[in-house]
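# Overview (structure and organization)
Below are the chains, spelled out letter by letter.
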Amino acid sequence: MKNKCRIAVYVLFVCVTCRCTSAYAQVPSEGGIQQFAEFGDFKLHDGGVIHDFRLGYRTLGKLNSGKSNAVLWPTWIGGKSQDLLPFTGPGNVVDTNNYFVVLVDAIGNGVSSSPSNNKRQSLMKYPKFTIRDMVEAEHRLCADVLHLLHLHAVLGISMGGMQAFEWVVTYPDFMDIGISMSGSPQSTSFDKLNWTAQIDAIELDPAWNNGNPTGPLGRGFALSEEIGSMNGTSPSYRVAYTSPKDFDVFVAEIRKNAKGDGGTACDQIRQRQAIIALDIPAELGLTIEQAAKRVRAKLLIVVSTQDHVVNPRPALEFAAAVNATVVNLNSPCGHQSFTCISLGPTVASFLADPASVHSETLQDPGYR
């Protein structure tokens with residue numbers, strides 16, 4: 001996923017193409033300053049340790065007297081908590097008049113503890129971590145720092161949606177609502193192939209130097225971004241929006257903006273490795289159906305059948321096991337369907353009253 005296009009690709013609720021509309025305005029809410037929770041040595045699920053660990057986060061809105069209105073929203077791959085600010089605020093997708101919102105920078109995003117910013121464990125010396133580790137850090141933030149013993153909801157998109165799945169299985173009594181959008185409880189072989197190819201592309205750059213980068217990795221990032229662009233939508237979408245005569249310009253733009261140093265490369269690799277390793281049922285020695293039975297929260301699961309980044313099959317199997325509400329985005333935009341179909345009103349309604357939202361298929365207005 002293009003870090004440079006975090007908002008353009010993942011404008012989840014406010015469309016950025018001229019053919020999309022939304023009931024919500026893309027206006028950043030007030031407040032939400034960057035904060036950090038310092039955890040010292042943070043033990044990972046596999047027994048490893050991240051030293052000098054800190055977790056970035058932002059809070060908006062007010063916690064009510066019963067501490068029952070907190071909503072946790074972790075970031076997608078490469079995303080920053082600041083990217084989520086446009087969707088919070090009075091009258092927005094997550095209304096800060098009603099909710100106390102906690103936006104979290106997932107491990108390895110360059111804001112929270114990451115290969116690029118950890119002096120004691122820099123670059124590839126930084127240990128591998130998992131989606132489970134992201135959630136454990138977020139749980140510690142809630143319980144130990146913010147003194148929240150319960151959440152109204154956990155929601156997320158893509159890697160954030162994977163964290164939402166992890167949350168509702170690992171801490172089933174900690175929240176009332178779980179919302180996963182283009183997330184998964186288990187990476188499929190196709191998912192793993194996509195992320196592995198991007199990692200391989202980065203490591204093929206001569207400047208990678210076996211994990212001891214000697215300079216910018218323009219060639220590696222360019223190839224990785226090409227792979228990401230190819231899988232981010234669908235063949236029909238690319239054919240419709242990039243004519244053969246415009247192809248050279250299209251690829252040149254990808255390559256021009258594909259920039260980064262060794263720190264960025266290591267951040268990208270470690271987060272991708274976390275997704276490759278994702279298998280929530282296997283963590284518990286269970287099947288998907290058995291893992292789903294642990295869930296107590298009301299679930300909204302959003303998928304796109306043409307998603308070539310996060311295959312929807314595991315999410316749909318999980319949803320069927322607990323009779324979760326499923327919204328299918330029918331769009332050739334694939335993993336980027338949120339830029340083509342507005343989901344903001346659906347999410348806002350589910351947060352307010354899960355019973356008000358029913359399983360349905362939302363059609364891309366640009367394709368009939």
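Up top is the structure these notes are about.
Residues numbered from 1 in each chain as written. Predicted model: local features only at pLDDT ≥ 70, side-chain atom pairs only at ≥ 80, totals over all residues. Heavy atoms only, no water.

### Let's talk about the pairing of strand β2 (residues 49-60)
Threshold: For two strands to count as paired, DSSP must find a minimum of two bridges between them. Secondary structure counts use DSSP, requiring at least four H or I residues in a row for a helix and at least two E residues in a row for a strand, with both numbered from the N terminus.
Where strand β1 (residues 35-43) meets β2, seven bridges bridge the pair, whose relative direction is antiparallel. Bridging from a neighbouring strand, glutamate 38 pairs with arginine 54 of β2. Connecting the antiparallel pair β1 and β2 is a turn made up of five residues, with glycine 47 showing a positive phi of about 100 degrees. Relative to strand β4 (residues 100-104), β2 runs antiparallel, the two being bridged by four bridges. Bridge pairing in β4 places arginine 58 opposite leucine 103.

### Some details on empty space enclosed by the protein
Put simply, the rule is: Using a 1 Å grid laid over the protein atoms alone, points where a 1.4 Å probe fits but cannot get out form a cavity; open sets with protein on both sides within 12 Å along at least 5 of 7 lines form a pocket; any residue with an atom within 4 Å of a point counts as lining. Grid points are joined across faces, edges and corners, and a volume is the space filled by probe spheres set on the points. Classes in brief: Ala, Val, Leu, Ile, Met, Phe, Trp, Tyr, Cys and Pro nonpolar; Asp, Glu, Lys and Arg charged; the others, Gly included, polar.
Taken as a whole, this structure holds one cavity of 30 Å³ or more when the rule is applied. Considered as a void within the structure, the largest cavity measures approximately 40 Å³ in volume. If you go around the largest cavity, the residues you meet are Ala164, Phe165, Val168, Gly178, Ile179, Ser180, Leu299, Leu300 and Ile301. Put simply, the parts of the chain that give the lining of the largest cavity at least two residues each are α3 (159-170), β6 (175-181) and β7 (298-303). Here the residues of the lining of the largest cavity sort into seven nonpolar, two polar and no charged.

### Notes on the sheet that holds strand β8 (residues 325-330)
Test applied: The convention used is that axes are lines fitted to C-alpha atoms, helices contributing only their stretch in contact, and that angles between N-to-C directions extend from 0 to 180 degrees. Contacts between residues were defined by any pair of non-hydrogen atoms, one from each residue, lying within 4.5 Å.
With mixed pairing, the nine strands of this open sheet are ordered in space as β1-β2-β4-β3-β5-β6-β7-β8-β9. Of all the strands in the sheet, just β1 and β9 (360-363) have a single pairing partner and so form its edges. The mean inter-strand angle of the sheet, taken between neighbouring strand axes irrespective of direction, is 20 degrees. Along the sheet, α3 contacts β3 (70-74), β5 (151-157), β6 and β7; its crossing angle with β5, the most-contacted strand, is approximately 145 degrees. Of the strands in this sheet, β7 and β8 touch helix α11 (residues 313-322), which is tilted by about 150 degrees from β7.

### Details of the layout of surface pockets
Its volume calculated, the second largest pocket comes out at about 280 Å³. Where the lining of the second largest pocket is concerned, the elements lending two or more residues are α5 (218-232), α6 (235-241) and α7 (247-257). Tallying contributions element by element places α5 first for the lining of the second largest pocket, with five residues.

### Some thoughts on the state of the cysteines
Applied cut-off: Disulfide: a pair of cysteine sulfur atoms within 2.5 Å of each other. Relative accessibility under 20% of the residue-type maximum defines a buried residue, over 50% an exposed one, and the middle range a partly exposed one, all with a 1.4 Å probe and only protein chains included.
Enumeration over the complete set of coordinates arrives at one disulfide. Here cysteine 333 is linked by a disulfide to cysteine 340, with a sulfur-sulfur distance of 2.1 Å. The chirality of the disulfide connecting cysteine 333 with cysteine 340 is left-handed, given an S-S dihedral of about -85 degrees. We classify cysteine 333 as buried; its relative accessible area is 1%. By relative accessible area, which is 1% here, cysteine 340 ends up buried.

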